[in-house]
Amino acid sequence: MKALEIHDLKFYYMGREEPAINIEHLSIEDGETVLITGRSGGGKSTLVNCITGIIPHVIHGEFEGQVEVYGHDTMKTQLSKLSTEVGIVLQNPENQVLNYTVEEEVAFGPENLCLEQDDIFSRVKESIETTGTSQLVDRETYTLSGGELQRVAIAAVLSMRPKLLILDEPTSNIDPEGTARVFDIIKRLKEEKTLIVVEHKVERVLPFVDRIIVIDQGKILLDIKSSQLPHYVEKMVEMGIEVPIHYIYAKKNGIDSEDMDTIREKLREKNMIPEPPRRAGDSRSIMHASVKVSTSEGKELVKGEIDLEEKHILAIMGRNGAGKSTFLKGVMGFLDMDLRCEMEIELEGRDISREHMIKRGKEIAFVPQNFDLTLISKTVEREVEYSLKKRKIREHGERVEKLLDMFTLSDLRYRDPLSLSLGQRRRVSMASAMASGVKIIMLDEPTSGQDYYHKQILGKELTRIKEAGYSIIIVTHDSRFVYRFADRVVVFNNGRKVLDGTPESVFRESRKYSIIPPSDFVLRNDEHELVNS
Amino acid sequence: MSFNGISGILNSPGEIPWEIVVLFFGAGILFTFIWGKRTGGLARFTTVDLIYIGIGAAFAVVWEFYIGAFLGKFIPSNPFFGIGYTGRLIALLIVAGLVRKVGVGMIAMFIFNLLSDLISYGFSGEPMYFLYEMLTYGLMMDLVIALAGPNLFGVKSPEKRTLAAKNKTSPRKGLEYITRMPGEYLAAFEGILIGLFWVVPEPLFYGGFISPFLYGGVVDWGKIVFDMIAFIPSAVIIGAIGGLITLRIVKAVGQ
Amino acid sequence: MNWLTVNIISWLLFFFGAAFPVLILLKAIGLTGLMKVTRYESYHSFYYKMNPAVKIMLGIIVMVVASVTIWWIGAIMTAIILASYLTLKDGKRKFITGLFLTMMTIIGTTWAFAPYTPYVILEEAFHTGSLTTLWTWPSYFTVMGYQPALTSQGIVYGFQISMRFAAVSLMSLVLVMTSTPSQVLRSLNKVGIPTSLTFSLVVAMRTIPRIFEYIDTSVKIQFMKGLGSNSPAFLRPFYMLSGAFSGIVPVIVFLVRGAKDTAISADTRAFRAYSKRTYMYPMAIGKIDKMAVSFMVLMILLTGIVVMLGFGRGIAYNG
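Analysis parameters
- Residues numbered from 1 in each chain as written.
- Chains lettered and ligands numbered in written order.
- Predicted model: local features only at pLDDT ≥ 70, side-chain atom pairs only at ≥ 80, totals over all residues.
- Helix = DSSP H or I, 4+ residues; strand = E, 2+ residues; numbered from the N terminus.
- Buried ≥ 20, exposed ≤ 12 C-beta atoms within 10 Å, placed from the backbone.
- Contact = placed C-beta atoms within 7 Å.
- Pairing = 2+ DSSP bridges.
- Axes fitted to C-alpha atoms, helices over the stretch in contact; angles between N-to-C directions.
- Parallel < 35°, antiparallel > 145°, perpendicular 65-115°, else oblique.
- Left-handed = near helix turned anticlockwise from the far one by under 90°.
- Nonpolar A, V, L, I, M, F, W, Y, C, P; charged D, E, K, R; others polar.

Which parts of the structure should I look at to understand the overall build of chain C?
Secondary structure assignment for chain C yields twelve helices and two strands. Element order for chain C, N to C, with α for helix and β for strand: α-α-α-α-α-α-α-β-β-α-α-α-α-α. Each principal axis of the C-alpha atoms in chain C carries an extent, and together these give about 70 × 65 × 35 Å. Counting across all 319 residues of chain C, residues that qualify as buried make up 44%. In chain C, once contacts between residues fewer than 6 apart in sequence are set aside, the share between residues at least 24 apart is 77%.

Right under this line is the structure:
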């Protein structure tokens, strides 16, 4: 039986002349696992909403054509009926989990279906077992980490017992360990359900998908079996999709293999192993920070130190709860009052450990993960000049112009920052943070939720800023981004710094801390050597 | 007739006759019921609407019990400016702007009350306050929504000319403006209108009925009128600001 | 006493009333302490086994009894409910917290009535034609609704009124401390409040801590960008407040942007598929609930008797 059958689908959002999705035909067989990928804004979410019935039942617009899920026409079938055929897990678990305790969250769907108490119990038990969340059952949902929350979200959808499960970028907001566990669940579910995985991390899902569909500008650009991927590598790169680097080199060098070791071997034979990305050389230390944080009861949370060199990008990695954020908060003076903190922060030879965040902010800028929260002014221009005005810095006009120019914001200067696109908003937030003449910029998880294309743009932006004389610290879970753009990496584990060095040296040992080296690195370095190390 | 010694309270000098109060509440409940039946009631509100109401209620609680409580230490109770009023008005304007359906005022008011009662007041004075706030503040908000139609707070109006020129934005394709008047003016105007409506219930209902009825207060019509007039300037300012904030939020999220 | 001293003392008294209750609480327990003490913890004593709907009813009965009887009946109920705090988990600590909260209610309510209550009411309530003046306010205080002077009868009157609130405040705290929010919501559904409305409540309750977190981030970033950088440190609380105001719009926009995902998550899990829902743990009426209901009936009967014996609202109304 067909799990999904789409004919002549077109959907126009209100007030738009172009359709957001335009698919002549698409069908997915029962039991298939399909990867849907493509750039952000290309129409993936619209397609997914058409499959779940959210379009046309909840999101209104002009809907043409037919979408059938296990024989049910989504237009004619009630959403509640569809919800037992198709379920969806979204990108940000914080937004989709809505109940107070984990057990209630998992029971929410079956309770809505007015099932008998025994049936609800058995569904909850089954879903919790599948997702390995039994130890979380009594926890309040707001106390869970992102990874735990995402597993609970999956359990909550599984309790509806859908035959088709859609996972819409399920790992883009969570740490490597959480990501690995979500992928484990997906592997397990592959045997039981039809799966559609919307994901930018092609490299990670490739081992268990049967088919790859690329969507851009609302259309299907590519629909191939996953085994055919090596033949379409160039096309996918052109479309801005992240493909495993060894596929690209194999294709470039006429190597007919998909196996990393074989490709590396052949490349070595041909002396074609690519050079690693250029790292900034040693330069003078601009900041040395040593932070020790403990609770009022004396329990140690973080003890670590970092050295930031001038014109360097330093990446901080580690599991959720490893102490990265607490460490950064210590550096900025953001820590909660009830925590005990001992710190030594030396910035260009000056001790700033006792300074209030107002003073530290003169030299250190911080862009949080939720950078939208920082956009308080009514226009882009005012947002950028905010700190200059607050700090009464003269000749600010020139500086504002320079920053607007640097972040290509000049044309948007009178626009409300909150109404800009995601990428533009991040640029405004960065420009505003840097305005008062800081030397160091810290970014908390800037890669989270971003597609390959936007991550490349971010990486280039950061490199440009670095070359303009700034030193940068980023907290990220994205090994590939770190490998390509960072000069040094620090890994935290259980509150302690455990690794510190160049990406090349750190990725040799990072698996111990659930950080999987990217294919870029593995291609250049023997896996056997890594295991032994 | 007297019960429990409260006889004087229903007919103390100057008190709003209880018949009028009962009539108002009765008519309000009847109107809500009939309107709900005609328009589909709660089913007309989508899940997103209910979430917006929840977010607005959360904001109102944070305001009332934290920001407002802190400010209250420095700003004594006075007839010119109300901290609680400010927070509730802005929260409700934002929710109304996002949902834009008649009924949202009363539903939001119900949720606000339930939440604040669950958290702090222990249902004291209920169900009097539920009815009173839903059928005064909530109902007035809904009246303005009904009058304004789909262009509430100018969400479907062009930008002010100077702003539009600066932003160099052309209208979105297919989006037709309902009025020519810039959205900012409409938002401020409707915000002020709601703000002014909201000036009335507290002095009138509280001073003229609830206070003598529940707590043995004395009705002073001079004070009631003074309280209403004294509050107008801040109501105008807060209403206008609230309207403009709402327009900004609604436009930013493309609602 | 000269004009300046009178004014200074009057304004101090004015602020004393507004700020003192909060100060007591913050000094004694601290805000975090209060939140920790008052949140739900599981335990086995009778309050925890009671259906939240019954607890809400109990609160309403306590309110009704307190408002129709003489003040000392409210005081007795306050003492009994406070004593029952000892049966809660970590009872001693909760009892002390309850005691502080009661003091707060008494001082707060007394001060809310004492300076404002018209002399005519006080004279009627205390069957006297002469009131004992404790402090004479500057004449312009009358603009704020103050009576010309603070009287001892005004304070006693305020104290007696506070006995209408103290018991019910303590009772409502029992509800919060002994039931999870979801239990409360389920029982609200049970008493007829539609699922749509309780859903909004759930969203609100989950959103409150997020608003704090986000506003905190926004304010800290503003400080880093130089908010208050040219002012002395003692003014920082005010800048913090101004930062919180500035943060409101971005915080709401951020939350509203996530709302669509929340709606999809609910709608694709059959939310509002039917007008009712079933529950994994339906709210049952147990033995303790039945006993509580019988107790409430008894309370109502006793109240009737007490009122008939002439102990109805003993002040202001029985002139």
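On we go.
Explain the sheet that holds strand S5 (residues 72-73) of chain A to me, please; I cannot follow it from the model alone.
What links the strands of a sheet is backbone hydrogen bonding, and the strands pair in either a parallel or an antiparallel sense. All names here are of chain A. Across the sheet, which stays open at both edges, the four strands sit in the order S2-S1-S4-S5 with antiparallel pairing between neighbours. One side of each edge strand has no neighbouring strand; the edge strands of this open sheet are strand S2 (21-29) and S5. Here strand S1 (residues 2-13) pairs with strand S4 (residues 61-69) via eight bridges, running antiparallel. Paired with tyrosine 13 across the strands is glycine 61, a residue of S4.

Please explain the sheet that holds strand S6 (residues 86-89) of chain A as it appears in this structure.
Residue and element names in this part refer to chain A. Strand order across the open sheet formed by six strands is S6-S7-S8-S3-S9-S10, with mixed pairing between neighbours. Each having just a single partner strand, S6 and strand S10 (219-225) make up the two edges of the open sheet. The sheet shows a mean angle of 20 degrees between the axes of neighbouring strands, taken without regard to direction. Of the strands in this sheet, strand S3 (33-37), S6, strand S7 (164-168), strand S8 (194-198) and strand S9 (211-216) are in contact with helix H1 (residues 44-52), which crosses S7 at around 155 degrees.

Whenever I open this one, unusual backbone geometry confuses me. Can you help?
Glycine aside, residues mostly have negative phi, and peptide bonds are mostly found in the trans state. All names here are of chain A. Cis geometry is found at the peptide bond from isoleucine 55 to proline 56, where omega equals 10 degrees. Summarising the element assignment, proline 56 is placed in helix H2 (residues 54-57). We note that lysine 311 has phi near 55 degrees; this positive angle belongs to a residue other than glycine. Within the secondary structure layout, lysine 311 lies in the loop between strand S12 (300-309) and strand S13 (313-317). The backbone of glutamate 445 shows a phi angle near 45 degrees, a positive value even though the residue is not glycine. Along the polypeptide, glutamate 445 turns up in the loop between strand S17 (440-444) and helix H18 (452-467). Taking the number of C-beta atoms within 10 Å as the measure of exposure, glutamate 445 has 20 and is therefore buried.

Is there a simple way to explain the packing of helix H11 (residues 245-252) of chain A against helix H12 (residues 260-269) of chain A in this structure?
Two quantities define a packed helix pair, namely the angle between the helix axes and the distance between the axes. Residues and elements named next belong to chain A. The N-to-C vectors of H11 and H12 enclose an angle of 45 degrees; their axes lie 10 Å apart at closest approach. In terms of axis orientation, H11 runs oblique to H12. Pair H11 / H12 crosses with left-handed handedness. Counting all contacts with H11, which are made through His246, Tyr249 and Ala250, the residues of H12 involved are Met260, Ile263 and Leu267. Partitioning the contact of H11 with H12 into residue classes produces five nonpolar, one polar and no charged.

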